[in-house]
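Summary of structural features
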Amino acid sequence: MTTTQSTRSRRTRHLVRHYLEMVVAMLAGMMVLGPVHEYLWPGLDDRADVAALVMATDMAIGMAAWMRFRGHSWPAITEMSAVMYVPFAVLLVPFWLGAVSGGLLMTAGHVLMLPAMALAMWWRLDEY
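Reference entry: report on the structure contained in this document.

Rules of the game
- Residues numbered from 1 in each chain as written.
- Predicted model: local features only at pLDDT ≥ 70, side-chain atom pairs only at ≥ 80, totals over all residues.
- Heavy atoms only, no water.
- Helix = DSSP H or I, 4+ residues; strand = E, 2+ residues; numbered from the N terminus.
- Buried < 20%, exposed > 50% of the residue type's maximum accessible area, 1.4 Å probe, protein only.
- Contact = heavy atoms within 4.5 Å.
- Areas by Shrake-Rupley, 256 points an atom, 1.4 Å probe, with all protein chains shown as cover.
- Lys, Arg positive; Asp, Glu negative; His and termini not counted.
- Charge placed at Lys NZ, Arg CZ, Asp CG, Glu CD.
- Core = buried A, V, L, I, M, F, W, Y, C linked by side-chain atoms within 4.5 Å.
- Patch = residues over 30% accessible without salt bridge, like charges linked within 9 Å, V, L, I, M, F, W, Y side chains within 5 Å.
- Salt bridge = Lys/Arg side-chain N within 4 Å of Asp/Glu carboxyl O.

**Description of the overall build of the protein**
Counting its secondary structure elements, the protein contains five helices and zero strands. Going residue by residue from the N terminus, the α and β elements of the protein occur as α-α-α-α-α. Residue burial in the protein is summarised as follows: out of 128 residues, 37% are buried. Sequence separation of 24 or more characterises 72% of the internal contacts of the protein that already satisfy a separation of 6 or more. In the form shown here, the protein has an accessible surface area of approximately 7800 Å², with 72% of it arising from carbon and sulfur atoms. Measuring between centres, the 9 positive side-chain charges of the protein sit 18 Å from its 9 negative side-chain charges.

See below:
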């Protein structure tokens, strides 16, 4: 293996590890903050659209905290946090029009979040 291949391989492993760390931080945000807002405001997420935005916020907080701990810049943290909302923002209009169900809103929003995160990382590749 050449030095270039070795460097590329190491960088790829680092990028994948960081991506997985952010997914874990998002899950932690949901698990920690979910019960808090349920206790403080029972029924807040009874509607699928509200639940999607609350969950995106929980994930963004967990991920932003981890990114800051890892020393990322505020612009990168802001962009990655915004990525949590973009898939839901795209899906909310069809949901409100009755074209998609609440289940599809939640599932598709979460699935689309993953490639959106990868694109945000690619956008600031030098930071990862």
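Having seen the structure, we can now continue with the description.
**Remarks on the nonpolar core**
Ranked by internal contacts, the top residues of the largest apolar core, which has 31 residues, are Met67, Met80, Met84, Leu105 and Met117. Counting only elements with at least two residues in this core, the list comes to helix H1 (3-40), helix H2 (48-69), helix H3 (74-83), helix H4 (86-96) and helix H5 (102-123). Ranked by the residues each element gives to this core, the list is headed by H2, at nine residues.

**Some words on a nonpolar patch on the surface**
On the surface, Val36, Tyr39, Leu40 and Trp41 cluster together into a nonpolar patch covering about 540 Å² of accessible area. Position of Val36 among the secondary structure elements: in helix H1. Owing to a relative accessible area of 39%, Val36 belongs among the partly exposed residues under this scheme.

**Comments concerning the side chain of Asp49**
Among the structural elements, Asp49 can be located in helix H2. The class of Asp49 is buried, set by a relative accessible area of 5%. Once you skip the residues sitting within four places of it in the chain, Asp49 turns out to touch Leu92, Phe95, Trp96 and Leu105.

These results come straight from atomic positions and should not be treated as a statement about function.
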